[in-house]
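# Chain and residue survey
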Amino acid sequence: MTDNPAATDDVAVSLRARINTDRPHTARIWNYWLGGKDNYEVDRAAGDQIRRLHPGIGEYARADRLFLGRAVRHLAGEVGIRQFLDIGTGLPTADNTHEVAQRIAPQARVVYVDNDPLVLAHARALLTSTPEGRTDYLDADLRNVDAVLEHAAGVLDFSEPVALMLLGVVIFIGDDEDPYRLVRQLTDRLPAGSHLVLSHTVTHPSMPDVDEAVKFWNEHGTPKLTQRTPDDVARFFDGLQLLEPGVVSCSRWRPEHDHGAEAEEVAMFGGVARKN
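Calculation notes
- Residues numbered from 1 in each chain as written.
- Predicted model: local features only at pLDDT ≥ 70, side-chain atom pairs only at ≥ 80, totals over all residues.
- Heavy atoms only, no water.
- Buried < 20%, exposed > 50% of the residue type's maximum accessible area, 1.4 Å probe, protein only.
- Helix = DSSP H or I, 4+ residues; strand = E, 2+ residues; numbered from the N terminus.
- Pairing = 2+ DSSP bridges.
- Right-handed = clockwise from strand over helix to strand, strands pointing away.
- Polar contact = N/O pair within 3.5 Å; in protein donor to acceptor, adjacent residues only side chain to side chain.
- Contact = heavy atoms within 4.5 Å.

## Some thoughts on the pairing of strand S5 (residues 195-201)
- Summarising burial for S5: 7 of the 7 residues are buried, a large majority.
- Here S5 shows a buried face lined by His195, Val197, Ser199 and Thr201 and a second buried face lined by Leu196, Leu198 and His200.
- Note that strand S4 (residues 163-167) and S5 share 5 bridges and pair parallel. Opposite Leu167, over in S5, you have Ser199 as the bridge partner.
- Taken together, S4, helix H8 (residues 179-188) and S5 constitute a β-α-β crossover, and its handedness is right-handed.
- Sheet topology note: the S5/strand S8 (residues 268-274) ladder contains 7 bridges and is antiparallel.

In structure tokens, the structure reads:
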């Protein structure tokens, strides 16, 4: 079923006034680095400048996307999760959460959440589904936990395990907003057997060019980013049972093609954890 009004042409047209094409936007730059076409010249220019400051930045986008695929395949295939709440969806691209999950379990249900009007304008691509499953989209902010969960309950059964996907989204929650509390509020409302999948850019002394790229972004782009150390990222999983190999570079979380050499580390760290 795809009955969310985000899929209609009228809503997409009405969103144009909310889309700012004068300043680069992180979702559109991410789309550009992934080879997508849903971006503007201002995004491409900023993306190229960031890539000059940190040539490997495009690999973060790809590593994060591949991490999503491996995590969803593990949860749908090996754990048996059939419900996914994907907050901070980003622009549709290849292998969205519902596509990966429903290949394994056609009955899987997915609710996407984002507050970017451009993502909402493209929500039609996220609202496809197998006949057995269902997808839905909510135009909302991660900070509004009650509204997110209330809407999601129309599609997801919160008496059964849910995979909470927070990929590259809590970087937009500043320390003054207590991002750890927000994540706990979400996980506290999920039943035992649910899982948290989270990724986050990191700051580290061995990666000074990442800090320069983030500084440039925060001076020119929107929304602003907050970097955190790998230990800070691991704190988001406090109280949950981390799956092996823990919180690591997204490129090193259970790589599916291990040819003996360890995957190159990227400054996007992630992990998957179970609520007991």
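What follows picks up the thread again.
## Quick word on the environment of Arg228
- Position of Arg228 relative to the elements: it lies in the loop between helix H9 (208-220) and helix H10 (230-234).
- Along the sequence, Arg228 and Val119 sit 109 residues apart, while their C-alpha atoms lie 26 Å from each other.
- Among the polar contacts made by the side chain of Arg228, one reaches the side chain of His200 at a distance of 2.9 Å.

## Quick notes on unusual backbone geometry
- Of note, the amide linkage connecting Glu244 to Pro245 takes the cis form, showing an omega dihedral of 5°.
- As for its placement among the helices and strands, Pro245 is situated in the loop between strand S6 (241-242) and strand S7 (248-249).
- The phi dihedral of Asp178 is positive, around 55°, even though this residue is not glycine.
- Phi angles above zero are rare outside glycine, and Arg254 is one such case at about 50°.
- With respect to the helices and strands, the residue Arg254 is situated in the loop between S7 and S8.
- On the accessibility criterion, Arg254 (32% relative accessible area) is partly exposed.

## Notes on the side chain of Thr201
- Structurally, the position occupied by Thr201 is in strand S5.
- A relative accessible area of 12% places Thr201 in the buried class.
- Each residue touching Thr201, except ones within four places of it in the same chain, is listed here: Ile171, Gln227, Arg228, Ala267 and Met268.

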